[in-house]
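Commentary on secondary and tertiary structure
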Amino acid sequence: MGKLKSKFIEEKVFMGLMWIAVAVVLLVVASIIWTIFVKGIGAISWEMVSSAPGKNWNTADDGGFLNAIVGSLLVVAPATLIAMVVSVPVVFYMNLYRRRSNWLSYVARLVYDVLYGIPSIVYGAFAFMIMVMVGMRASLLGGIIVSTLLIIPMFIRSGDEISKSVPDDMIDAAFSLGATKWETLKVVVKQVLPGMATATLLAVGKAIGDAAVMFTAGFSDSVATSLSSPTATLPLAIFNWITMPEPFPGRAYAAALVLTVIVLILSLGGRWITNHFT
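Throughout what follows, the structure given in this document is the object of discussion.

Considering the side chain of Ser139
Within the secondary structure, Ser139 is located in the loop between helix H5 (120-134) and helix H6 (140-163). Among the residues examined, Ser139 registers a relative accessible area of 3% and is labelled buried. Non-local contacts of Ser139, meaning those with residues more than four positions away in its chain, are made with Thr216, Ala217, Leu227, Ser228, Ser229 and Pro230.

Structure below.
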């Protein structure tokens, strides 16, 4: 009886610790979002999100940061497409053509786990060092390359976990009915497509707000017109303005608000796809 009572007390203690941990995390997230929304809404205006910086953008509250919004989209959109072209075949190769228990699949997962755990700032610093060595300047192309390298491990790791949800029995059943690997792949794709769409949105949400591109994309007060042109991004604009005197911190919070809304939309969109199509 005493042993049973001690286990009951132990369960209650750990349950209480779990709820405390959840409350702390929610409090931190809520405080960050509250601060950004309160300070951002007080500083943002339609002119900020619809116009490029004025001639005196670095010394006065002149113009907006449309260049940073468009620049972030120009960096992330091509990077996402390239990452999908690279990642999707890798995911299906590991889970269908090589099967999940194959040694090559195991090594590939280990490598991508390591790449997934590397801080994004390391990607940016490494890419910047390579760019300096080959004589390439900070540009839209540099930002796309770094974002692609950042998204690929996230996408492959997420896609691999999603593909594992497809039972081996389903794959074996397709093969037993005489289906080729290509025909079996079509069956698998139908099962994992909603999850892959969710993984894509979450990867984009992380990449668009990442600071790694600050090293390689550069900064410009206008929208980039070519791959070799530098481009502003929202993370770099926030970093620059938050360290400057008034009124620039207000612009930083306005840019942070726009970035937060974009990330929230992508995250909620991913959850909606998961809940409605799986």
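Following the structure, the description resumes.
Some details on a nonpolar patch on the surface
Residues Tyr93, Tyr97, Trp103, Leu104, Tyr106, Val107, Leu110, Val111, Val114, Leu115 and Trp182 make up a contiguous nonpolar surface patch of roughly 1100 Å² in combined accessible area. Mapped onto the nonpolar patch, the elements with two or more residues apiece are helix H3 (66-97) and helix H4 (103-117). If you trace the backbone, Leu110 turns up in helix H4.

Section: the nonpolar core
By size, the foremost hydrophobic cluster in this structure holds 34 residues, and its most contacted members are Ile151, Ile156, Val188 and Val192. For this core, the secondary-structure elements that each account for two or more residues are H3, H4, H5, H6 and helix H8 (181-208). Broken down by element, this core gets its largest block of residues, 10 residues, from H6. Residues contacting Ile151, with those up to four places away along its chain left out, are Ala79, Thr80, Ala83, Ala203 and Ala207. Judged by nonpolar contacts, the second largest core, of 22 residues, contains Ala68, Val76, Trp241 and Val258.

So, how was this worked out
- Residues numbered from 1 in each chain as written.
- Predicted model: local features only at pLDDT ≥ 70, side-chain atom pairs only at ≥ 80, totals over all residues.
- Heavy atoms only, no water.
- Helix = DSSP H or I, 4+ residues; strand = E, 2+ residues; numbered from the N terminus.
- Buried < 20%, exposed > 50% of the residue type's maximum accessible area, 1.4 Å probe, protein only.
- Contact = heavy atoms within 4.5 Å.
- Patch = residues over 30% accessible without salt bridge, like charges linked within 9 Å, V, L, I, M, F, W, Y side chains within 5 Å.
- Areas by Shrake-Rupley, 256 points an atom, 1.4 Å probe, with all protein chains shown as cover.
- Salt bridge = Lys/Arg side-chain N within 4 Å of Asp/Glu carboxyl O.
- Core = buried A, V, L, I, M, F, W, Y, C linked by side-chain atoms within 4.5 Å.

Interpretation note: all reported values are geometric properties and have no functional meaning in isolation.
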